[in-house]
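Residue-level listing of the chains:
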Amino acid sequence: MPSIDLKESFLKFLDTTEPLEMIDIFESIRTITPTYESLKEKVLPMLPYSKKSLFTILDKRFSRYEKVTVPSNILISGGGPCGLRAAVEAAMLGHQVTLIELRTLFSRHNVLKMFSNLTEDLMDFGLKIWIPTFKPHGHSHIGTKELQLVLLKVALMLQVKVHFGFGVCGIIDPIMLKTINMEQSNLKGLDQHKWKVWTLPTDQAKQYLKLKASKVVELDDLTPGETDIYQFEKISKVDYFEKYLSKDGAIIRHPFENETELNLFHQSKIIDFDSLIVAEGESSKLIRNLGFDRKLQRFSQAIGIVINMNFSKTVKENKLQEFVLTRQSALWKSTALGPLADQNLKLESLEYMRGTTNHFFAAATKIKELKEYGVIAEVKSTVKETLQADNVNFDKLREMGRLIAKVCGVHQDAEYCDKNGIQMFDFSARGVCVQTHQWLNSVDEHVMDALVVPVGDTFQNPYWPQGLGINRGFHSAIDGVWAAHLSAISNGDKHLVDEERKNAFLTSEWSVFMDNTVISGHEWKTDPLYRYHPALFLSRYNNETAIHTLPPRFVDAVLKKDQ
């Protein structure tokens, strides 16, 4: 293997913004420094003064955690912010962590709001060093792409194994391996008694999953989101129930009979796991084929418009102030909403935030307004049908986005971002998994059950106007890691994990994760007792008059605090 210039490689690693390049660079660094401690020992003396504090900050953060003596294999499917945050958390606990992501690029320009405790959490990972222009005070926010880059770099430094450009094609029951030669190249060295996922490169994975799926999902600029609720079981005026697609359709228990599938399997990347954390977003088919039902709540109609435009570097544009506008304000006509309404574009709300490289607008409107403006050809029986690509005038949609930007002060020469320049979606509903987790049971009774935990939008996608976004998502990710960690240190104590997952679900339903319900991010640990404010648990305890759902250790803690 050719020698590398460690200093040059590490500085390049710090500066790169391309995930695949970043991973390749660090893989070469890993051959010389296979642990975080060896990385620090060799790299720290070489770094310029401005970068040296990175290790000081990370060391202080890592010192809060006591590493396990016997690491478990934790696999995370999904490299969005929540998946990456889960990977970092699990690695800080000392587990062997692998993360896989279908995409090869970070293309999401959306800007995420952060409450102060979440900002503090990220600052303790060196956020200000990774992004020197970040402003930690006041109303903090960060671009999705920038957040992913920071967390991916920290994950790699913690020796997380990362595979971008791969998708999960199925879960392998260890019983199936008894019929296969384990000395084959993609199985050699793996534990025959552990659960596994088999993965393929992105294009092959998509093609295979489309062939397996009963319904093909096409990706487009439009993201309907939770729109097709009318096919679900209606429980009340606002509540709907979506049954799982299959109980264990993602699990392979028998040898492949199809030669094509068998050839793909032998070409695939196989990964062991004890716990699987799924952070694939709300449209995850993996979760839906592992027995997870979903509950959806329908709210009043709300169509979201997200606009991402590159900076044009004009003086006026650089002075744009961030804002949140709503028609509920008595003075709405004197804001940008007034001139827009005068030009036949009626918005319910409009928010503007500045990313590090782009302008970000988030608007809300109704279908009838889109019809009047010419974006929608006709109003159909369901929202999903109405937002289908063949019913949308994309030229009018882009014209509408440009009008919003122009009225707000963005120069007419500003261009849409290459990826996700403008998106339209229905956010009139909120979905949540009914089951907080599942245990995978092997046909072989000697194989330990594996834990599957959905996190982030896979577990619960928030109602957009509530502004919870990444704040709730991060806590669900860390709560998911806590469950995997408990399973590891308790040798798979199901009662313990079940109790903690139930508590995590109820906490996520109860809290909006603002400053008064979450402690300072400078003190966060994986255990929810060291993230959520005691007042939150005390409030739950006092309101649960009949059956107390708090685990005993939480009751003891909050009652002690209250004395």
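So, here is what we can say about the structure in this document. Computed from a prediction, not measured in an experiment: that's the story for all the values here.

Calculation rules
- Residues numbered from 1 in each chain as written.
- Predicted model: local features only at pLDDT ≥ 70, side-chain atom pairs only at ≥ 80, totals over all residues.
- Heavy atoms only, no water.
- Pairing = 2+ DSSP bridges.
- Helix = DSSP H or I, 4+ residues; strand = E, 2+ residues; numbered from the N terminus.
- Axes fitted to C-alpha atoms, helices over the stretch in contact; angles between N-to-C directions.
- Phe/Tyr/Trp six-rings, centres within 6.5 Å; stacked < 30°, edge-to-face > 60°.
- Buried < 20%, exposed > 50% of the residue type's maximum accessible area, 1.4 Å probe, protein only.
- Lys NZ or Arg CZ within 6 Å of the ring centre and 35° of its normal.
- Contact = heavy atoms within 4.5 Å.
- Core = buried A, V, L, I, M, F, W, Y, C linked by side-chain atoms within 4.5 Å.
- Parallel < 35°, antiparallel > 145°, perpendicular 65-115°, else oblique.
- Left-handed = near helix turned anticlockwise from the far one by under 90°.
- Nonpolar A, V, L, I, M, F, W, Y, C, P; charged D, E, K, R; others polar.

Here we take up the sheet that holds strand β2 (residues 96-101). Strand order in the open sheet formed by six strands is β5-β2-β1-β12-β21-β20, with mixed pairing between adjacent strands. Two strands bound the open sheet, and with one partner strand each, they are β5 (161-164) and β20 (438-440). Across the sheet, the mean angle from the axis of one strand to that of its neighbour is 20°, orientation sign disregarded. One ladder, built from four bridges, connects strand β1 (residues 73-77) with strand β12 (residues 275-278); its direction is parallel. Its bridge partner being in β12, I74 is matched across the sheet by S275.

Here the structure, examined in full by the defined rule, presents 15 aromatic pairs. Seen from their ring centres, F10 and F13 are 5.7 Å apart, and the 35° between their planes marks the pair as tilted. Highlighted residues: F10 and F13, both in helix α1 (residues 6-15), separated by three residues, approximately one helical turn. Taking the relative accessible area as the measure of exposure, F13 reaches 0% and is therefore buried. Between F256 and F265, the ring centres sit 5.4 Å apart and the planes meet at 50°, which makes this aromatic pair tilted. Residue classification places F265 among the buried residues on the basis of a relative accessible area of 0%. Three or more aromatic residues joined by ring pairs form one cluster here, namely F10, F13, F26, Y36, F55 and F62. Over the ring of W332 we find R327; its NZ or CZ atom is 4.1 Å from the centre of that ring. The ring centre of Y532 lies 5.1 Å from the NZ or CZ of R531, which sits over that ring.

With that settled, the discussion passes to unusual backbone geometry. With a phi angle near 70°, Q159 is a residue other than glycine that sits in the positive phi range. Within the fold, Q159 resides in the loop between α8 (144-157) and β5. If you check the backbone angles, N420 has positive phi at about 55° while not being a glycine. Following the sequence through the fold, N420 ends up in the loop between α16 (394-407) and β18 (422-426).

Bringing the sheet that holds strand β16 (residues 349-354) into the picture now. Strands belonging to one sheet form pairs held by backbone hydrogen bonds; the direction of such a pair is parallel or antiparallel. Spatial ordering of the open sheet is given by β15-β16-β17-β14-β18, a layout of five strands whose pairing is antiparallel. The open sheet has two edge strands, β15 (323-326) and β18, and neither has a second partner. Within the sheet, the average angular offset between the axes of one strand and its neighbour, ignoring direction, is 10°. Direction of pairing for β15 relative to β16: antiparallel, over a ladder of four bridges. The residue bridging V324 from the neighbouring strand is E351, located in β16. Packing against the sheet, α16 makes contact with β14 (303-310), β16, β17 (358-365) and β18, and its axis sits at approximately 70° to β14.

Counting residues in hydrophobic clusters, the biggest one holds 83 residues, and the most contacted among them are F10, F13 and M157. Those residues in contact with F10 that lie beyond four places of it in its chain are I29, L39, V43, L47, F55 and M157. Ranked by size, the runner-up nonpolar core spans 36 residues in total, among them A341, Y373, I376 and M400.

To continue, consider the packing of helix α5 (residues 81-92) against α8. Relative orientation of the contacting elements α5 and α8 amounts to 20°, with a least axis distance of 9 Å. On the basis of the axis angle, α5 is roughly parallel to α8. As for the relative orientation of α5 and α8, their crossing is left-handed in sense. For the pair formed by α5 and α8, the contact residues are P81, L84, R85 and V88 on the first element and T144, L147, Q148, L151, L152, V154 and A155 on the second. Among the residues making up the contact of α5 with α8, the classes are represented as eight nonpolar, two polar and one charged.

Shape descriptors only; they carry no functional weight alone.
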